[in-house]
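Residue-level structural notes
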Amino acid sequence: MIFELLDLSNYSLGFLSLQTLFTSIIVSILGIIALIHERFSRIGMVFFGITQSIALWLFAYSWIYSSPNIQFASAWAKVGHFGIVMISPACYHFATLVNNKVKRRFRDVPVVWLVSFVPLIFLFFTDIFERSIQSTQWGYYPFYEAEVYIFLVYFLGINFLATRRLWQSYRNAIEEGVNLTRIKILLVAFCIGYLASFDFALAFGFSLYPFGYIAIMIFILLCTFVVLRYRFVDITPAFAALPILRTMREALLVLDRDLIVRVVNPAACNLFGIKKSALLGRRVDHTIINSPPFNENLNALIRYSSLHHYEIEYCHTPGDQRILSVSNTIMNDSSGKPQAVVCVARDITEYKRSEERIRFLAYYDSLTGLPNRTFCSELLSRSLERAKRYSHTMALLFVDLDNFKRINDTLGHEIGDQLLKVVAQNIGACIRGSDHFARAGKRRYENIVSRLGGDEFIILLSEIRQPSDSHIVAQRILDIFTKSINIAGNELFITASIGIALFPIDSIDVDSLLRNADAAMYHAKTRGKNNYQFYNETMNASAHERLKLEHQLHKAIERNEFSVSYQPVATVNDVSFVGCEALIRWNHPEHGELLPDEFIQLAEECGLILPIGEWMITAVCMQQRIWRNAGLKPVRVAVNLSSRQLEHPDMVEIITDLLSKYDLDVEWLEFEITESAVMYNSSKALETLERLNKMKIKLNLDDFGTGYSSLAYVRRIPFNVIKIDRSLINNMLVDHEDATITAAIIAMAHSLKLKIIAEGVTNEQELIELRKLGCDEFQGFMYSKPLKIAEFTTFLKERQIC
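In every chain, residue numbers begin from 1 and rise along the written sequence. Predicted model: local features are reported for residues with pLDDT of at least 70 only, side-chain atom pairs are reported and counted for 80 or more only, and whole-chain, interface and lining totals are derived from all residues. Hydrogens and waters are ignored; side-chain quantities use all the structure's heavy atoms.

**Section: the overall build of the chain**
The helix and strand inventory of the chain stands at 32 helices and 23 strands. In the chain, buried positions account for 49% of the 802 residues. Any two residues having at least one pair of non-hydrogen atoms within 4.5 Å are treated as being in contact. Of the contacts formed within the chain by residues at least 6 apart in sequence, a portion of 65% connects residues at least 24 apart. Per-residue and other accessible areas follow the Shrake-Rupley method at a 1.4 Å probe size, with only the shown protein chains counted as cover for residues. In the form shown here, the chain has an accessible surface area of approximately 40100 Å², with 56% of it arising from carbon and sulfur atoms. In this text, helices come from DSSP runs of H or I with a minimum length of four residues, and strands from runs of E with a minimum of two, each type numbered from the N-terminal end. Exposed residues in this analysis have more than 50% of their type's maximum accessible area, buried residues have under 20%, and partly exposed residues fall in between, with area computed by a 1.4 Å probe over protein chains only.

Quick look at the structure:
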């Protein structure tokens, strides 16, 4: 019988059956969602029971409608009536849990569940519920007889009591501090669900379809909305009080008017190192704190009923001094008289230490311990005010280390930081014994040494007899850099550039004084570094012009102000064209055409060399394709790469993408790297050069012989060509030493199987001498000056490179 009952082929599902089955599935799913959202709380599980009872009822009735005979319909009727019987006690249980004011809920809820067993007995041991099953136009359906009216009274009565419980919850909602909107929605939902019971009218021959299904769905949907939006479980002060006391990190004590401890939480026992049993019933000043501020504040609180916040020191173990933040507030009784004091104490020792650390970091450089930029500005302002008051002359020295970035890039930031610490100590040591500089903890100061950031230091000589005295200190600082500095086994040599600005000669305010000293320092850099310069007004004009040029350089790419010129390269023996070097030009809107020497260093300093360099490579690759489309054969073009470009992590990928984009073979693109750029090559730069070499791209060592020459990196880095600097070529006819060096370079290159290109050849005599020395190629005005694109295109056509 069971297998036949579950055989779906025996049923004929009609519209009413399918609708009822679909409704049961939806109700069941909503119940599961509510249960999961409530995290299987007790009230969530009871609501889940309501939904599953309703779902069981509807599910069984969907099969009653489509049963093939009365026997099948009777079997499903038992299942459906089991669900109907379970709905009422589940609803009452749910409404009682929602109404947490009901004190007897643990007594009447079991009674309701027990009463519900009575209809269950009749259901399973009699046929009272399904003996009148009849066939109708929509299928089989049970028509109840008179004795079933008792069950209907029970069903409707229990649901009425459940609705009444919710009404009580609504009346008590404001007093309890629970969500009033939630109770309103639940009350409306239950009233609508109560109307669903009119679906039983069909059992007496009155069809109200689909009124019952609509009411059921609205009831379930509203209840599920409450779960998702407002939840069922209430969090009230009474519910939360004990867990809060147990888990709060602050120590809490509740004292009566006699300062006797009445309530204490675990955090207080841990903080004061005293057991709870030793605290309760004892005066707080006898057990925990015998501190005048603490006791005075407590007594004042009792007298004046005010809130007090203060800090005290407390030590419950020898050598462990703690700082506590204490907040006291009064609790009044119903008549407004002070009844108790609530003390909340928090250990802020670590906070105070962190605050002190933050103060140090806010005003001092964490690496060197010198005043930082912020504190330096304050100290300078104070010194300036004293100088104005007493008519003193002051000198401000702006010190910047030369080529410090090279050390950072080559040896790492850890070595660089150690070097800065040693430099700071040496600068302090070179100040006279009567001089001193501000450090943490010193309130008085005269001369100031501070670190502005990076490798920049400021020295303020707060009182000098005459302006020329400042150069003595400046020279003393330069002298300390004449000796090597040994850090972690590395012998380092470094120099500094110093700018000097005087008060009141150069400026009378801090910002201008700093700006002028910075301008003087930059002037020292341009004068070859490792020197000091006094400020003069022309430096500001130069600095302003440089700043203006930097601003214009930022706009140059988007304004399309750059262009490329090409200088041909020829063989030394027969003076035949073999390639060219691409040279960037800046068509400045005010100054006309600027050569690379006039803006490339600025681009390096302000970080624009990367976009400019990428533009240059792109322009060369694009021009190669234009020449090829015009019927000209590809030409070997050399492009300069800066040290910043070599260190760029994506440089090789950029070059690869451009070669692919313009369909250019690697043999037609070469890169030139200056000797100074590879002198302090970083590991990233070396990696870039090695990857380019693996791509079969030729690498040229440019400006060889300018003073950095070393065979070490020529052997270490995979160069294909060495370009002799123009300074050697132009002097080799008149300077025997330069001629000897040129010959040695050519011989060395050939022994290493490297090609030699001479730069800056200006006359026939130089070319003849290079031919005697065995030089391979040359470029210079003797053969051709740099040509613009149109001129160089004509140059290519004339030599029939097609």
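That was the structure; now back to the text.
**Thoughts on the environment of Ile323**
On the secondary structure map, Ile323 appears in strand E6 (residues 322-332). C-alpha of Ile323 to C-alpha of Arg346: the two residues are 23 residues apart in sequence and 8.5 Å apart in space.

**Overview of the pattern of salt bridges**
Salt bridges are defined as contacts in which a side-chain nitrogen from Lys or Arg sits within 4 Å of a carboxyl oxygen from Asp or Glu. Scanning the entire structure with this criterion turns up 20 salt bridges. Here Glu777 ties to Arg636 by a salt bridge, and the two come within 2.8 Å at their closest N and O atoms. Of the two residues, Glu777 is situated in strand E23 (residues 777-778) and Arg636 in the loop between helix H23 (609-629) and strand E18 (637-641); the sequence distance between them amounts to 141 residues. Of the two residues, Glu777 and Arg636, neither departs from the other in class, the shared state being buried. In this structure, the salt-bridge partner of Glu777 is Lys755, at a minimum N-O distance of 3.4 Å. Linking Glu777 in strand E23 with Lys755 in strand E22 (residues 755-758), this pair joins segments that are 22 residues apart in sequence. When salt bridges with common partners are traced through the structure, they connect Glu581, Glu672, Lys723 and Glu759 into a single cluster.

**A closer look at the packing of helix H4 (residues 70-98) against helix H8 (residues 180-195)**
In this analysis, axes come from line fits to C-alpha atoms, helices being fitted only over the stretch in contact, and the angle between any two N-to-C directions falls in the range 0 to 180 degrees. Orientation of H4 relative to H8, taken along the N-to-C sense of each, is 165 degrees, at an axis distance of 12 Å. Compared by their axis directions, H4 and H8 come out roughly antiparallel. For the pair H4 and H8, the crossing hand works out as left-handed. Only Arg182, Ile183, Leu186 and Phe190 of H8 make contact with H4, whose side of the interface consists of Cys91, Phe94 and Val98. Residue classes in the contact of H4 with H8 are distributed as six nonpolar, no polar and one charged. Small angles under 35 degrees read as roughly parallel and large ones over 145 as roughly antiparallel, with 65 to 115 read as roughly perpendicular and the rest as oblique. Crossing handedness is defined as follows: a turn of the near helix away from the far one that is anticlockwise and smaller than a right angle gives a left-handed crossing, while the clockwise case is right-handed. Three classes are used, and their members are as follows: Ala, Val, Leu, Ile, Met, Phe, Trp, Tyr, Cys and Pro are nonpolar, Asp, Glu, Lys and Arg are charged, and the others, Gly among them, are polar.

**Here's the deal with the packing of H23 against helix H25 (residues 651-661)**
The interhelical angle for the contact between H23 and H25, taken along N-to-C directions, is 20 degrees, at an axis separation of 9 Å. Looking at the two axes, H23 sits roughly parallel to H25. Of the two elements, H23 crosses H25, and the hand of that crossing is right-handed. Across from Glu614, Ile617, Thr618, Cys621 and Arg625 in H23, the residues of H25 making contact are Met651, Ile654, Ile655, Leu658 and Lys661. Broken down by class, the residue content of the contact of H23 with H25 amounts to six nonpolar, one polar and three charged.

**Section: the sheet that holds strand E8 (residues 393-401)**
Consider a sheet: its strands pair through backbone hydrogen bonds, and that pairing is either parallel or antiparallel. If you walk across this open sheet you meet the five strands as E9-E10-E8-E13-E14, and the pairing is mixed. Two strands close off the open sheet at either side, each with one partner strand: strand E9 (448-453) and strand E14 (532-534). Averaged over neighbouring strand pairs, the angle between their axes works out to 20 degrees when direction is ignored. When DSSP finds at least two bridges between two strands, those strands are taken to pair. Direction of pairing for E8 relative to strand E13 (residues 496-503): antiparallel, over a ladder of eight bridges. By the bridge assignment, Leu397 is partnered in E13 with Ile500. Together, E8, E9, strand E10 (456-464) and E13 form the strand contacts of helix H16 (residues 373-390), whose direction differs from that of E9 by roughly 140 degrees. Sheet strands in contact with helix H20 (residues 510-526) are E8, E10, E13 and E14, and its direction is about 145 degrees off that of E13.

**Things to note about the side chain of Glu777**
According to the relative accessible area criterion, Glu777 is buried, its value standing at 5%. Those residues in contact with Glu777, other than ones at most four positions away along the chain, are Val569, Ala570, Thr571, Val572, Val578, Arg636, Lys755, Ile756, Ile757 and Ala758.

**Some points on the pairing of E13**
Of all eight residues in E13, eight are buried, a share of seventy percent or more. Here E13 shows two buried faces, one formed by Ala496, Ile498, Ile500 and Leu502 and the other by Ser497, Gly499, Ala501 and Phe503. Pairing of E13 with E14 involves three bridges; the strand directions are parallel. Paired with Gly499 across the bridge in E14 is Gln533. With the strands aimed away from the viewer, a crossover counts as right-handed if its path from the first strand over the helix to the second runs clockwise. A crossover connection joins E13 to the parallel E14 through H20; in handedness this β-α-β unit is left-handed.

**Observations concerning helix H6 (residues 117-125)**
Taken as a whole, H6 has its buried residues at Pro119, Leu120 and Leu123. Projection of H6 onto a plane perpendicular to its axis shows the buried side chains occupying an angular sector of 105 degrees, all on one side. Directions are taken from the helix axis to each C-beta atom, and the arc is the one they span.

**A look at the packing of aromatic side chains**
The geometry of two aromatic rings is summed up by the distance between their centres and the angle between their planes. Pairing of aromatic rings covers Phe, Tyr and the six-membered ring of Trp, with a centre-to-centre limit of 6.5 Å; geometry is then stacked below 30 degrees between planes, edge-to-face above 60, and tilted otherwise. One pass over the full model with this rule turns up 25 aromatic pairs. Ring centres 6.1 Å apart and planes at 40 degrees place the aromatic pair Phe562 and Trp586 in the tilted group. Note that Phe562 is positioned in strand E15 (residues 562-571) and Trp586 in strand E16 (residues 577-588), a separation of 24 residues in sequence. Taking the relative accessible area as the measure of exposure, Phe562 reaches 5% and is therefore buried. Of the aromatic side chains, those joined through ring pairs into one cluster are Tyr566, Phe577, Trp627, Phe778, Tyr783, Phe792 and Phe795.

**Focus: H23**
What a helix should span is 1.5 Å times the count of its residues minus one. Its 21 residues place the ends of H23 30 Å apart at the C-alpha level, agreeing with the 30 Å of an ideal helix rising 1.5 Å per residue. Regarding H23, the residues found buried are Ile609, Ile612, Gly613, Met616, Ile617, Thr618, Ala619, Val620, Cys621, Gln623, Gln624 and Trp627. Looking one or two residues beyond H23, the residue adopting positive phi is Gly631, at roughly 95 degrees.

**Describing the nonpolar core**
To qualify as a nonpolar core, a set must consist of buried Ala, Val, Leu, Ile, Met, Phe, Trp, Tyr and Cys residues joined through side-chain atoms within 4.5 Å. Formed by 77 residues in total, the largest nonpolar core has its most connected members in Leu553, Tyr566, Ile617, Val639, Phe671, Ile722 and Phe792. Top contributing element to this core by residue count: H23, with eight residues. Of all hydrophobic cores here, the second largest spans 65 residues; its members include Ile43, Ala60, Met86 and Val112.

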